[in-house]
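Residue-level listing of the chains:
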Amino acid sequence: MEKKLNILWASMSGTAENVANLLNDKAKSIGFTTNQLELNQVTMNDLSNMKNVAIVTSTTGEGDLPTNGEDFWDDLKAHDKDFKNLNYSVCALGDRSHDIFCGAGKKVDEKLMQLGANKILERQECDGSDEGSEEWGSSFLEKIKT
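*Asks:* Before we go on, may I ask you to explain the side chain of asparagine 87 in this structure?
*Replies:* Its place among the elements puts asparagine 87 in strand β4 (residues 87-94). Among the polar contacts made by the side chain of asparagine 87, one reaches the side chain of asparagine 52 at a distance of 3.2 Å.

The structure is reproduced here in structure tokens:
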């Protein structure tokens, strides 16, 4: 059976995109077929047809998604159909010096849970760097490879 992973990301400075790229390389190296997309490229219809999804997003402003994730968030926020067939985890990048730490990732994670998606691995919150993202990615791949 084909192992497929969708890696969805939104990034301001490139750190979240880099985390997504590294996860993509790692997944391919262990036999996954991957589909890597900027969050704004993903419609709710697309998302409902995905099975395994890793979401990587940085946080900007007052706990907001970067510009290349705003449309996705607006659509997800308004969405009301369930995602019971979706297995996912979120890697949230932020900085504890801001009032709302990892706000973008937290919002996406909480909304997906409300919509019935299956959280395969707890949200990874990275403070000021991508530290912890590699372990998160490895753990996520381990959980979905069967």
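*Asks:* Explain the environment of aspartate 74 here, please?
*Replies:* Within the element layout of this structure, aspartate 74 appears in helix α3 (residues 67-78). As for aspartate 74 and asparagine 40, which are separated by 34 residues in sequence, their C-alpha atoms are 9.8 Å apart.

*Asks:* Quick question: what am I supposed to make of the side chain of asparagine 24 here?
*Replies:* Relative to the helices and strands, asparagine 24 resides in helix α1 (residues 15-29). Residues contacting asparagine 24, with those up to four places away along its chain left out, are Ile7, Thr34 and Gln36.

*Asks:* For this particular structure, what's the right way to read helix α5 (residues 133-144)?
*Replies:* Given 3.6 residues per turn, any residue in an α-helix points the same way as the ones three and four places further on. In this model, α5 (twelve residues) spans 17 Å end to end at C-alpha, consistent with the 16 Å of a helix rising 1.5 Å per residue. Buried within α5 we find Ser133, Trp136, Gly137, Phe140, Leu141 and Ile144. Taken end-on, α5 shows its buried residues confined to a sector of 130°, consistent with a single buried face. Exposed side chains of α5 directed beyond 90 degrees from the buried face belong to Glu134, Glu135 and Glu142. Contact partners of the buried residues in α5: β1 (4-10), α1, β3 (52-57), β4 and β6 (124-127).

*Asks:* How should unusual backbone geometry be read in this particular structure?
*Replies:* Most peptide bonds are trans, and most residues other than glycine sit at a negative phi. One non-glycine residue, cysteine 102, adopts positive backbone phi at about 55°. Within the fold, cysteine 102 resides in the loop between β4 and α4 (103-114).

What counts as what
Residues numbered from 1 in each chain as written. Predicted model: local features only at pLDDT ≥ 70, side-chain atom pairs only at ≥ 80, totals over all residues. Heavy atoms only, no water. Helix = DSSP H or I, 4+ residues; strand = E, 2+ residues; numbered from the N terminus. Polar contact = N/O pair within 3.5 Å; in protein donor to acceptor, adjacent residues only side chain to side chain. Contact = heavy atoms within 4.5 Å. Expected span 1.5 Å × (residues − 1). Buried < 20%, exposed > 50% of the residue type's maximum accessible area, 1.4 Å probe, protein only. Arc of directions from axis to C-beta.

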